[in-house]
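Secondary and tertiary structure notes
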Amino acid sequence: MPRQARLDAPGTLHHVMIRGIERSPIFKDNQDRQDFVSRIGMIAQQTGTKILAWALMSNHVHLLVFSGPPGISNFMRRLLTGYALRYNRRHRRRGHLFQNRYQSIVCEEGTYLLELVRYIHLNPLRVGLVKSLEALDHYPWSGHMILMGRGKNEWQERGYVLRQFHEREGKAVRSYRRFMEEGKDQGRRPELVGGGLSRSLGGWSQVLPLRDTGEKGKYDSRILGGGDFVAEIIREAEKKVRRYLRVNEMKTSMDHAIQEICRKEGVAEQELRMGLRTRKLSRVRAKVSYHLSHEIGVSRAEIARQLGVCTSAITKAIQNIEP
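All of these numbers come straight from a predicted model, not from anything done at the bench. (Residues numbered from 1 in each chain as written. Predicted model: local features only at pLDDT ≥ 70, side-chain atom pairs only at ≥ 80, totals over all residues. Heavy atoms only, no water.)

Bringing the sheet that holds strand 2 (residues 50-56) into the picture now. The strand order across the open sheet built from five strands is 2-3-1-4-5, with neighbouring strands paired in mixed fashion. Each edge of the open sheet is held by one strand with a lone partner, namely strand 2 and strand 5 (223-224). With seven bridges connecting them, strand 1 (residues 13-19) and strand 3 (residues 60-66) associate as antiparallel partners. Pairing of Arg-19 across the sheet is with His-60, part of strand 3. Sheet strands touched by helix 2 (residues 72-91): strand 1, strand 2 and strand 3. Its angle to strand 1, the strand with the most contacts, is close to 30°. (Pairing = 2+ DSSP bridges. Helix = DSSP H or I, 4+ residues; strand = E, 2+ residues; numbered from the N terminus. Contact = heavy atoms within 4.5 Å. Axes fitted to C-alpha atoms, helices over the stretch in contact; angles between N-to-C directions.)

Tracing the chain through its elements places Arg-86 in helix 2. Between the C-alpha atom of Arg-86 and that of Phe-36, which follows or precedes it by 50 residues, the distance is 9.9 Å. For Arg-86, the contacting residues outside a window of four places in its chain are Gln-31, Asp-32, Asp-35 and Arg-39.

If you walk through the whole model with that rule in mind, you get 17 salt bridges. Notably, a salt bridge pairs Arg-86 with Asp-35, separated by 3.8 Å at the nearest N-O pair. With a gap of 51 residues between them, Arg-86 in helix 2 and Asp-35 in helix 1 (residues 30-47) connect regions that are remote in the sequence. (Salt bridge = Lys/Arg side-chain N within 4 Å of Asp/Glu carboxyl O.)

With that settled, the discussion passes to the nonpolar core. Core analysis: the largest hydrophobic core is formed by 61 residues, its most contacted members being Ile-18, Phe-36, Leu-63, Phe-75 and Met-76. Among the elements that make up this core, the one with the highest residue count is helix 2 (eight residues). Look past the residues within four positions of Phe-75 in its chain and what remains in contact with it is Ile-40, Ile-43, Ala-44, Thr-47, Thr-49, Ile-51 and Leu-63. If you look at the next biggest cluster of nonpolar residues, it comprises 18 residues, including Ile-261, Cys-262, Val-298 and Leu-307. (Core = buried A, V, L, I, M, F, W, Y, C linked by side-chain atoms within 4.5 Å. Buried < 20%, exposed > 50% of the residue type's maximum accessible area, 1.4 Å probe, protein only.)

Moving on: the packing of helix 14 (residues 300-307) against helix 15 (residues 311-321). The interhelical angle for the contact between helix 14 and helix 15, taken along N-to-C directions, is 105°, at an axis separation of 8 Å. Judged on the interaxial angle alone, helix 15 and helix 14 are roughly perpendicular. Contacts from Arg-300, Ala-301, Ile-303, Ala-304 and Leu-307 of helix 14 reach helix 15 at Thr-311, Ile-314, Thr-315 and Ile-318. Grouping the amino acids of the contact of helix 14 with helix 15 by side-chain chemistry returns six nonpolar, two polar and one charged. (Parallel < 35°, antiparallel > 145°, perpendicular 65-115°, else oblique. Nonpolar A, V, L, I, M, F, W, Y, C, P; charged D, E, K, R; others polar.)

Burial of strand 2 is extensive: six of the seven residues sit out of reach of the surface. Following strand 2, the chain reverses through three residues before pairing antiparallel with strand 3.

With that settled, the discussion passes to the pairing of strand 1. Across the seven residues that make up strand 1, a large majority, six, are buried. Two strands pair when backbone bridges link them, and strand 1 and strand 4 (residues 103-107) are joined in this way by four bridges, in the antiparallel orientation. Residue His-14 lies in a different strand from strand 4, and its bridge partner there is Val-106.

Together, Arg-168, Lys-171, Arg-174 and Arg-178 line one region of the surface with positive charge. Examined against the element boundaries, Lys-171 turns out to sit in helix 8 (residues 169-183). Accessibility expressed as a relative area gives 36% for Lys-171, which makes it partly exposed. (Patch = residues over 30% accessible without salt bridge, like charges linked within 9 Å, V, L, I, M, F, W, Y side chains within 5 Å. Areas by Shrake-Rupley, 256 points an atom, 1.4 Å probe, with all protein chains shown as cover. Lys, Arg positive; Asp, Glu negative; His and termini not counted. Charge placed at Lys NZ, Arg CZ, Asp CG, Glu CD.)

We now examine the environment of His-291. Of note, His-291 is situated in helix 13 (residues 279-296). Overall, His-291 belongs to the partly exposed group, its relative accessible area being 29%. A C-alpha to C-alpha distance of 9.4 Å links His-291 and Ile-261, two positions 30 residues apart in sequence.

Next up, the structure:
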C-alpha cells in the first residue's frame, strides 16, 4: 500500500513518534540523550518549530510540536539524519537506526493539546523509567521537568503551555502538577497515539452509535480531531496538492516551450538560460519571453529566473517584440 502524504502547514500541531528499528534502543547512554536533545533545540530554533512536549525512552521518542515554515518533514529529516550519523560513528555501527518513517499525527489543538502534553510527559513514569511523579519532576529527559521549573532550556514553549492553566506562573505550575497527578493512572491511552474515526471520537464505544443511526463521520488515519477539523485539514491539503500540480504543469510547459523555440532558432538552450547576450540570443530570448508571458501566463520574474537575466531585461524584451 503506498504511503500517504504528510499533512502539514506552518503552525500545525503534530504528535510525532520515533522508534528504533525493530524496537531496538536508540540511546546507549546520557551522552546520546544529550546529543539528541541538543539537536531538537538547535533545529527547532533554526526552523521556527515550536516544541510543546517531549520525552525520551530507551527505544522511542515522543514530540509534540507546532511545525515551522520549512515544515515538519524538514525538521525531522535534519534531526534524525544528523543524530543517526553521529550515533553510528560514535558506536562504530552501520545501517539504519530508526524504524521506517517517523509517525506524525495532526492533532486538533483545542481538544487534544493538554491531553497530549500530559500523555507524553507521563511516558517515563508509565514505562518504569521513574518510580513516582516526584521522581519525574527531576527526570532530565522529558519536558515535564522544564514545565515544573526544575530545569531550563531556551527552546521549549514553557510559557505557552503553562498559560493554558493560568496567567500567573506559580498558579499555572501548581495547576499543571495537579493535572499530571490526576492522569498518572490512566494507562497507555491508545486514543492519543494515532488518528482515524475511533481515536478521534474517543474509542469504539463512540463509533458504534454512528453505525446504528447510519451517520457518517469524517475521519483520516493521519488526523486526530473532530469531523469539522478533519474536513478542514483535508481541504487545505487538497489545495496544496492542486497548487503543486499547477506549478509542476507550468514548469513542464515552460521547459517544453524553451526547448522548442531554441531548436527552431538553432541556439543552445544552455546558452540561453545562462543569460549570454549575443544579438541572436537576445532576439531568441525576446521571443521566448513573449511566448511564456502571453501564451502560458508565466510571471516576468519567473521568466527572468529561467533565462538568467533580471526582470527589467525581460520587460524590455517583451516590449520590443509586442506588436
